[in-house]
Amino acid sequence: TSQPVEIAPVGYGWQSVYESGANGQTSAPEAQARFNSLYAADGSHPSVRGTYLAAAVFFELLTQAPSHLSIWTPSGVDGDTQAWITKAASDAFML
């Protein structure tokens, strides 16, 4: 028997951040800064913000609830940053 497979659209969350300047959600320089902040200093691995975005996408997939409802936020992530990251996580399911 086959089982349904669900895939967490983490890449779409990152795409949402990348494209947020083009679609008017924020300025192009701010969108670029946000996107760059998803990467660690090595430019290859995710930073805390990038990992949080991935976790927020998984939260939404597994709970079927918006990630902004989660009570947990990583240390060093302020409220404004949490807002755009959780929005990107929600947007990932709409791309």
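Residues numbered from 1 in each chain as written. Predicted model: local features only at pLDDT ≥ 70, side-chain atom pairs only at ≥ 80, totals over all residues. Heavy atoms only, no water.

Asker: Tell me about the packing of aromatic side chains, residues and numbers included.
Answerer: One pass over the structure, following the stated rule, counts five aromatic pairs. Judged by centre distance (4.9 Å) and plane angle (70 degrees), the ring pair of Tyr18 and Phe35 falls under edge-to-face. Of the two residues, Tyr18 is situated in helix 1 (residues 10-19) and Phe35 in helix 2 (residues 28-37); the sequence distance between them amounts to 17 residues. In this structure Phe35 comes out as buried when scored by relative accessible area, which is 14%. (Phe/Tyr/Trp six-rings, centres within 6.5 Å; stacked < 30°, edge-to-face > 60°. Helix = DSSP H or I, 4+ residues; strand = E, 2+ residues; numbered from the N terminus. Buried < 20%, exposed > 50% of the residue type's maximum accessible area, 1.4 Å probe, protein only.)

Asker: Talk me through the pattern of salt bridges; I want residue IDs and the actual numbers.
Answerer: Under the criterion given, the structure shown has two salt bridges. Across the pair Glu30 and Arg34 runs a salt bridge, and its minimum N-O distance is 3.1 Å. Taken together, the residues Glu30 and Arg34, both in helix 2 and four residues apart, mark about one turn of the helix. On the basis of relative accessibility, which here comes to 33%, the residue Glu30 falls in the partly exposed class. (Salt bridge = Lys/Arg side-chain N within 4 Å of Asp/Glu carboxyl O.)

Asker: Any chance you could break down unusual backbone geometry for me, citing the residues and the numbers?
Answerer: In this structure, Gln64 is a non-glycine residue whose phi angle is positive, near 60 degrees. Inspection of the secondary structure assignment puts Gln64 in the loop between helix 3 (48-63) and helix 4 (79-91). Residue classification places Gln64 among the exposed residues on the basis of a relative accessible area of 64%.

Asker: Tell me about the side chain of Thr26, and please be specific about residues and values.
Answerer: If you trace the backbone, Thr26 turns up in the loop between helix 1 and helix 2. Using a relative accessible area of 17% as the deciding quantity, one classes Thr26 as buried. In this view, Thr26 contacts Ser20, Gly21, Ala31 and Arg34; residues no more than four positions away in its chain are not counted. (Contact = heavy atoms within 4.5 Å.)

Asker: Lay out helix 1 in plain terms, naming residues and giving numbers.
Answerer: Of all the positions in helix 1, only Val10, Gly13, Trp14, Ser16 and Val17 are classed as buried. End-on view of helix 1: buried residues confined to an arc of 150 degrees, all on one side of the axis. Buried positions along helix 1 lie against helix 2, helix 3 and helix 4. (Arc of directions from axis to C-beta.)

Asker: Run through helix 2, naming residues and quoting values.
Answerer: Ala31, Arg34, Phe35 and Ser37 are the residues of helix 2 that are buried. Seen end-on, helix 2 carries its buried residues on one side only, within an arc spanning 160 degrees. Within helix 2, the exposed residues directed more than 90 degrees away from the buried face are Ala28 and Pro29. Each element contacted by the buried residues of helix 2 is listed here: helix 1, helix 3 and helix 4.

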